[in-house]
Amino acid sequence: YHLLELLPDHPVANHDLAALYASRPDLRAQAVELLEKALNVDPQYGRARMALASCLRDLGRLEEARQQAAWVRDHDPGLKDEAEGLLSELAGLPS
């Protein structure tokens, strides 16, 4: 938290705080904001996109979750399997 006071745009710090927030349903919307902030600074940050996709799924924003997971599948080979798993899960949910 203190790192964000010093470096409010730090993508890893925003991602890490968002990961904590994402575990609490009442803070998931704030987690989305932090992840979007991280991605504004580093659009190639695949781990933040996967976390964003999961938060969006949990908030019922399924089409946005699919878009983020598809981006990861197509652009981050290290996270491709995880993204495909989320996309498979999302395929079974209504749009």
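For the structure given in this document, a descriptive report is provided here. (Residues numbered from 1 in each chain as written. Predicted model: local features only at pLDDT ≥ 70, side-chain atom pairs only at ≥ 80, totals over all residues. Heavy atoms only, no water.)

### Notes on the nonpolar core
Working step 1: Ranked by size, the top nonpolar core spans 26 residues in total, and within it L35, M50, L52, C55, V72 and L86 carry the most contacts.
Working step 2: Of all elements in the fold, only α2 (11-22), α3 (28-41), α4 (46-58), α5 (62-75) and α6 (80-91) reach the threshold of two or more residues within this core.
Working step 3: Those residues within four positions of L52 in sequence are excluded, and the remaining contacts are V32, L35, E36, L39 and Q68. (Core = buried A, V, L, I, M, F, W, Y, C linked by side-chain atoms within 4.5 Å. Buried < 20%, exposed > 50% of the residue type's maximum accessible area, 1.4 Å probe, protein only. Helix = DSSP H or I, 4+ residues; strand = E, 2+ residues; numbered from the N terminus. Contact = heavy atoms within 4.5 Å.)

### Side note on the packing of aromatic side chains
Working step 1: Taken as a whole and judged by the stated rule, the model has zero aromatic pairs.
Working step 2: Above the plane of the ring of W71 lies R49, whose end atom (NZ or CZ) is 4.3 Å from the centre. (Phe/Tyr/Trp six-rings, centres within 6.5 Å; stacked < 30°, edge-to-face > 60°. Lys NZ or Arg CZ within 6 Å of the ring centre and 35° of its normal.)

### Examining the packing of α2 against α3
Working step 1: Interaxial distance between α2 and α3 falls to 8 Å at its minimum, and their mutual angle equals 165°. As far as their axial angle goes, α3 and α2 are roughly antiparallel. In terms of crossing hand, the pair formed by α2 and α3 is left-handed. Judged by residue contacts, P11, N14, H15, L17, A18, Y21 and A22 of α2 engage R28, Q30, A31, L34, L35, K37, A38 and V41 from α3.
Working step 2: Classifying every residue of the contact of α2 with α3 gives ten nonpolar, three polar and two charged. (Axes fitted to C-alpha atoms, helices over the stretch in contact; angles between N-to-C directions. Parallel < 35°, antiparallel > 145°, perpendicular 65-115°, else oblique. Left-handed = near helix turned anticlockwise from the far one by under 90°. Nonpolar A, V, L, I, M, F, W, Y, C, P; charged D, E, K, R; others polar.)

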